[in-house]
Every structure is written in C-alpha cells, then in structure tokens.
Amino acid sequence: MSEENTAVATPEVSSPAAATPPKKSAGKKKKRARKIRNAIIAVVVIAALAVGGFFLWKFLNKKEEVDSELQTAMADWGSISSTVQGQGSARAKESAAITLTQTGTVQQLFVNAGDMVTAGQPLYTIFSQAAEDEVNTRRDNLAAAQERISDAMKSMSDIQKDIADLQAKQGKLTVRAPFAGKVTEVEDFTVNKRVGEGSKVCTLVNDRKMKLSLYFSYAYENAISVGQKVDVSIPSVMQSYTGKVEQINKVHYITPEGADHFEVIVSFENQGTLTEGMTATAALTAADGTPIYPYSGGQTEYYEVREVVTEVEGPVVSSNLLRYANVNAGDVLLTLSSDALDEQIRTRRGDLETAQKSLEELQKAVDDAQKALEDAQKALQDFNAVSPIDGTITSCTLVEGAEVKSGDTVITISNNTTMVVTISVDDRNIAYVKPGMMVNLQSQWGDGGMYTGVVTKIDMSLSGDSMGTGMTNYPVTLEVDNFDGSLMEGMWLSYSFVTSQSDNCIVVPMQSVKYIGDDTAVVFIQADSKPDNAVDVDIPETMPGQTPTYPSEKDGFYAVPVTTGLNDNYNVEIKEGLEGGETIFVNYYVTQAWG
C-alpha cells in the first residue's frame, strides 16, 4: 500500500546536470497486483474442490451396515387342508327370449317388464299375415317333397323286384325234368343257339303210372269211393292190373240209352309195357260183393303229360335231350348261359345305387322341408306366445297397436331362482370333484355375499391348455339356490373347495422349508448338538453388506431332510423328518442402516 502511495506521489525535479534512472509506471504496478489476487482465488477454489471430491468419494463408497435377526417358529402339531380357488360368473339356470321372424301388428299385450310369469301363461297376440303365409308355403313344400320321395321309393322297390326276378331266373338257366318219366318229343338245340324265354324244350310224360277214365251209373254213386280197389284188364297185353280210384267227378254223361253217369278216374302202375291209347276195362266190387262195371271200357292215358319250356332267354351251353329217354326228376335237360342275365343284374344294381342316392337326397329334402315347416309353425306361435318357462320378464319392447319387424327380440324371461356358475378345474384337482359336492362361493360385488354351489355336471370331454401352462382344465357346473334373488346375472364370484386334508400332523411355515443341492427339502432345527439325521450344508460366506443365506452350526442350527405333504398359502405339512416341538429357522429379519 505504501508502495502504491509512493507510486502516486508527485516526483521531485532535479537539476539536469546529473541523470537518474526512470521509475516504474503506475499501470504496471496495478497489473501485477491483479495477477497475485487471481492466483490466490484459484488456490482456494482448487482446495475446496479437493475437499468436496474426497467427501463425495467417501459417500459413494461407504458400505451398508446390515443388522439381521433370526426368525424362528415351532414345528407344531395341527391340521392343514389344500384348497382350490378361482373365479366364475353367475347366470340364470333357465332363460328364454322370443325373437320374431316376420313383421306384424301388436293386438294385445298381457305382461310388462318386471312381471312374474308361469310356464304357459299368455304374453301377447300379434297379427302377422306373412307368418301365416310362410306356414302355408312350408306345408305345401313338405307335401311336394313327400310325394317325390314316395315316387322314388316305389321306383326303387320296382328295381329291387326286377333284381330279385333276375336272380331267380339265374336259377332257371338249367332246365331240369320236373318229374320222373319219358321224353317223347324234343326240340333241336345246338351250342350257342339263342333260345327265347318260353321256348319248348321237350314233352315229358309220366309213364310210370297210367290212368283210365270210366263212366258209372249214378245207381252206384254211393258204392264207389276214392281209394277203392279196381281190377283193370288190358286185352292187348292179356294182363290184369290192380289199381285204385284216384278221383271221382260228379259230371252227367248221358248215354244213348238215356242213363245218367259220373266219371271215375282209375290209376295203376305201369310195369314198362303199357302206353297211352290201349283199350282197357275195369271192375269194382260193392260192399255186398256185387260186381260193378262201367258203361263201357276206356283208353289208357299217361298219368301226367307236360310240355317243358324255358323260363329265361340265353344262348345254349349244353343239351341232354334224347327222344324216348327215361329220366328222373331233377335230371338236366338243357343249360343256358348266364351272361345276359348277369349284365341285366349289373345294370339294375347300378340303377338301384342311383335310386338310393336320389332317395337319400330326397329324404334330406323332406327333412329340411319338415324342419322348415316346424320352424314356421313355431315362429307363428311366437306371434301368439305363451311363456315357455317360469320366471320374470326382464325385458318387453311391445306396445299395443305398434308394428314389429322381423328380427326383433320382443320378450326375454329369466328364472333366477336357481343360478348356474361354471368354474374351471385343472387335471391336478379334478379327481377330487364329485357330483353333489358343496363349493363355497363369495360375491365380488357389494358386501361380498356368501353362497353355496352344488356340483351338478363335470364335463370331461372339453379340455385344453390353460394360458400355456400345460395343464388340462375341465368345466364344472355348479347350481346355486337364489331364493332371495340377491345373486344377479353376470355377477362374478370367487370359489374355493377343499381337495384334501391332513389332521394331527406336523405343520411348519412354508418359508422354513429350504431346498439344497438336488432340490432336497430341509428344515434347520435348533439343537445343542448335531442330530443323527442332519446333513451337511455348504453355507456360502456372507460378504459385508449381505444377508446370511442359512443359519450355521455356530448359531446352533442343523439342516434336517424332510418329506413334505399338503400345503396351503402359508404352511406346509411335514410327513417325515421332524417329531414336532422343534424350534426351526424360518428366515432372517433384516434391518439396514447407512453409515
């Protein structure tokens, strides 16, 4: 300061004889003082920053001081149960809605929203010409469909009959002798010659027996009977044969003498030398021994003569026809090919298959027409509706005299006396659910009212993965008595039910069970010395600022393996490993303080 004052003093003037060095100017002195001052400020700032940085580093690097305290509990004897919990919404067990399918005009309205109704009670009347016309149209469509199916069924029946006839004809391709006898006339047949249906094959006669037609006077009407013995005489062979009365015909043959006669057919065996056309006579004996003679003799006839004809058409395969050949009943006379019949059968079977498909389509058309008629009739009933159920009218949009449109839902009815709640139970617990089981329910609305549901249905057919958990869930239906009406449609409910329970068992807090190594469950028990069943546990070293993992033997706790059973939200059953009454480690209670 003194220097600064000296510097500003007025200098003295000396004589010019002796020169003196010049003094420093005032401006230079001021600049030097400013530099000194700035340096001092910089030193102070640097020192302040150093001190602040030290304290900041110390703050950031200070350690958390941990004060932990062991939490223990007793392994008590008690009871534990496992429950299943979830949610479901309530709905009325029974509800009905009436939706119109045609336009109309409301004529009468018998109910309003909020009214209680019983099944069969009239609700309203609506006139709808369109609905009545719809019923008539559907009825006509059904009648037409039924007529078409009737025609189709008749056509199919005809085809089936044709196939049956053709199959029967297949059995007639081989022409056989209808009885034992002799072939008297034959037709000429060659292989592959086509023969028509009804073509003559041969004439077959039964010459094993002969018959004779004689006429007797009605005076002997009561003396001759069927089966009576007859003596037949044939002069040309000079032999007599014993025959019998085969048939009596009460005709009236009048002789030239004016006598009335009836016919008697006599049959007798042919020993191989008789033929037709031989003159023969016969005599009978009356009961009193009197001989009875015919008006005249007669001519022998074959016992049976038949013209054998084909019953089907086709080319000849083989022929076994010889004139005057003796044959037995069933011997093959002619064989025809089945090719033509086989083709006809294939064709008709194709027709039958087509007819069956057409019939199925027509039957579907009839079913559709029947359903359409029933729907139209039901829709018409909805225009003069009665309540389908007991319940309460929850909505009614009708006004007398107003027009209604197709698609309008005009009445809804709900029976809320019994409500239904559907819950979902996974495959771990579904085995515990049985019909008739009680399930506790609690409303999530209002004051949380309590209800009881009864299991009425367990649907094991519907299942699926729930939210990707890999567990299968099954719908279970509960019925809830809602006599006071407090349970409303759409109300959400919490449910719970006990799946299993253990009584008189050891129960410990769930947190006290620890899992070590290969997920071995252990409980740390307090003891004066190491128990026989204790296992060694590698307890990690606790670093400063960390909470201990498990208590150590220094703390007086030892790890004992246990077998767990049921558990609830808080406790777990110990089935093996503890005896009860032990003091067990639960967890560490930790308090923290900052230095």
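Residues numbered from 1 in each chain as written. Predicted model: local features only at pLDDT ≥ 70, side-chain atom pairs only at ≥ 80, totals over all residues. Heavy atoms only, no water.

1. Some words on the overall build of the protein chain
Okay, step 1: Each helix and strand in the protein chain was counted, giving four helices and 31 strands.
Okay, step 2: Out of the 595 residues belonging to the protein chain, those deemed buried represent 32%.
Okay, step 3: Of the contacts made within the protein chain by residues no fewer than 6 positions apart, 76% connect residues no fewer than 24 positions apart.
Okay, step 4: When the accessible area of the protein chain is evaluated, it comes to approximately 36300 Å², of which 50% is carbon and sulfur surface. (Helix = DSSP H or I, 4+ residues; strand = E, 2+ residues; numbered from the N terminus. Buried < 20%, exposed > 50% of the residue type's maximum accessible area, 1.4 Å probe, protein only. Contact = heavy atoms within 4.5 Å. Areas by Shrake-Rupley, 256 points an atom, 1.4 Å probe, with all protein chains shown as cover.)

2. Focus: the sheet that holds strand E16 (residues 314-319)
Okay, step 1: Taken together, four strands build an open sheet; the order of strands is E6-E18-E16-E8 and the sheet is antiparallel. The sheet is open, and its two borders are formed by strand E6 (174-176) and strand E8 (194-195), each paired with just one other strand.
Okay, step 2: As paired strands, E8 and E16 are joined by two bridges and run antiparallel to one another. Its bridge partner being in E16, Val 195 is matched across the sheet by Gly 314. (Pairing = 2+ DSSP bridges.)

3. Overview of the pattern of salt bridges
Okay, step 1: A complete count under the given rule lists 20 salt bridges for this structure.
Okay, step 2: The salt bridge involving Glu 185 is made with Lys 200; its shortest N-O contact spans 2.9 Å. Taken together, the residues Glu 185 in strand E7 (residues 181-186) and Lys 200 in strand E9 (residues 200-217) connect sequence positions 15 residues apart.
Okay, step 3: Overlapping salt bridges, with partners in common, bring together Asp 162, Arg 348 and Asp 351 in one network. (Salt bridge = Lys/Arg side-chain N within 4 Å of Asp/Glu carboxyl O.)

4. Here's the deal with the pairing of strand E19 (residues 391-396)
Okay, step 1: With two bridges connecting them, strand E4 (residues 116-117) and E19 associate as antiparallel partners. Note on E19: the bridge partner recorded for Val 117 is Gly 391.
Okay, step 2: Looking at chain direction, E19 and strand E21 (residues 409-426) are connected through four bridges and run antiparallel. Bridge assignment links Cys 396 to a residue of E21, and that residue is Ile 411.

5. Quick notes on the packing of aromatic side chains
Okay, step 1: Per the counting criterion, the structure on display carries nine aromatic pairs.
Okay, step 2: Ring centres 5.2 Å apart and planes at 25 degrees place the aromatic pair Phe 524 and Tyr 550 in the stacked group. Residue Phe 524 is located in strand E27 (residues 520-526), and its partner Tyr 550 is located in the loop between E27 and strand E28 (557-561); the two are separated by 26 residues in the primary sequence.
Okay, step 3: In this structure Phe 524 comes out as buried when scored by relative accessible area, which is 1%.
Okay, step 4: On the accessibility criterion, Tyr 550 (17% relative accessible area) is buried.
Okay, step 5: In this structure an aromatic cluster arises from ring pairing among Phe 524, Tyr 550, Phe 557, Phe 585 and Tyr 588.
Okay, step 6: Stacked on the ring of Tyr 303, the Lys or Arg Lys 209 has its end atom at 4.2 Å from the ring centre. (Phe/Tyr/Trp six-rings, centres within 6.5 Å; stacked < 30°, edge-to-face > 60°. Lys NZ or Arg CZ within 6 Å of the ring centre and 35° of its normal.)

6. Remarks on the nonpolar core
Okay, step 1: Ranked by internal contacts, the top residues of the largest apolar core, which has 24 residues, are Phe 216, Ile 224, Val 232, Ile 234 and Phe 268.
Okay, step 2: For this core, the secondary structure elements donating two or more residues are E9, strand E10 (229-234), strand E11 (239-254), strand E12 (260-269) and strand E13 (279-285).
Okay, step 3: For this core, the leading source of residues is E9, giving five residues.
Okay, step 4: The residues touching Phe 268, leaving out its near neighbours within four places in the chain, are Lys 209, Met 210, Leu 212, Val 232, Ile 234, Tyr 241, Thr 242, Gly 243, Leu 274 and Thr 300. (Core = buried A, V, L, I, M, F, W, Y, C linked by side-chain atoms within 4.5 Å.)

7. Things to note about the sheet that holds strand E3 (residues 104-109)
Okay, step 1: Read from one edge to the other, the open sheet built from three strands follows the order E5-E3-E20, with strand pairing classed as antiparallel. Pairing within the sheet leaves two strands with one partner each, and these edge strands are strand E5 (124-127) and strand E20 (403-404).
Okay, step 2: Sheet topology places E3 next to E20; two bridges connect them, and they run antiparallel. Opposite Thr 105, over in E20, you have Glu 403 as the bridge partner.

8. Here we look at the packing of helix H3 (residues 129-170) against helix H4 (residues 339-381)
Okay, step 1: Remark: H3 packs on H4, axes separated minimally by 8 Å, with the N-to-C direction vectors making an angle of 160 degrees. The angle between the axes of H3 and H4 places the two elements in the roughly antiparallel class. Viewed along their axes, H3 and H4 form a crossing whose handedness is left-handed. (Axes fitted to C-alpha atoms, helices over the stretch in contact; angles between N-to-C directions. Parallel < 35°, antiparallel > 145°, perpendicular 65-115°, else oblique. Left-handed = near helix turned anticlockwise from the far one by under 90°.)

9. Details of a nonpolar patch on the surface
Okay, step 1: Together, Trp 445, Met 488 and Trp 492 line one region of the surface with nonpolar side chains, adding up to about 330 Å² of accessible area.
Okay, step 2: Note on placement: Trp 445 falls in the loop between strand E22 (438-443) and strand E23 (450-458).
Okay, step 3: Note on Trp 445: relative accessible area 41%, which makes it partly exposed. (Patch = residues over 30% accessible without salt bridge, like charges linked within 9 Å, V, L, I, M, F, W, Y side chains within 5 Å.)

10. Section: unusual backbone geometry
Okay, step 1: Positive phi, close to 50 degrees, is recorded for Met 238, a residue that is not glycine.
Okay, step 2: Within the secondary structure, Met 238 is located in the loop between E10 and E11.
Okay, step 3: For Met 238, a relative accessible area of 75% gives the class exposed.
Okay, step 4: Even without being glycine, Tyr 324 reaches a positive phi, approximately 70 degrees.
Okay, step 5: Structurally, Tyr 324 is set in the loop between E16 and strand E17 (326-327).

11. Digging into the confidence of the model for the protein chain
Okay, step 1: Looking at the protein chain, pLDDT values average 85 and 86% of them are 70 or higher.
Okay, step 2: Of all helices and strands in the protein chain, the one with the weakest mean pLDDT is helix H1 (residues 2-8) (34), whereas E12 scores best (97).
Okay, step 3: Ignoring residues within four places in sequence, the model shows residues 1-30, a span with pLDDT below 50, making three contacts including any to other chains. (pLDDT = per-residue confidence, 0-100.)

12. Some words on H3
Okay, step 1: Under the 1.5 Å per step criterion, the end-to-end length of H3 is 62 Å for 42 residues, consistent within 8% with the ideal 62 Å.
Okay, step 2: Turning to H3, its buried residues number three or more, namely Ala 131, Val 135, Leu 142, Ala 145, Ile 149, Ala 152, Met 156, Ile 159, Ile 163 and Leu 166.
Okay, step 3: Buried positions along H3 lie against H4. (Expected span 1.5 Å × (residues − 1).)

13. Section: the environment of Gly 114
Okay, step 1: Looking at the element boundaries, Gly 114 is found in the loop between E3 and E4.
Okay, step 2: Apart from the residues lying within four places of it in its own chain, the contact partners of Gly 114 are Thr 392 and Ile 393.

14. Describing the pairing of E9
Okay, step 1: Pairing analysis gives four bridges linking E7 to E9, with the strands arranged antiparallel. Its bridge partner being in E9, Val 186 is matched across the sheet by Cys 202.
Okay, step 2: Of the strand pairs in this sheet, E9 and strand E15 (residues 298-309) are connected by nine bridges, and their pairing is antiparallel. Within E15, the position partnered with Val 205 by the bridge is Val 305.
Okay, step 3: Pairing analysis gives nine bridges linking E9 to E12, with the strands arranged antiparallel. Paired with Leu 214 across the strands is Val 264, a residue of E12.

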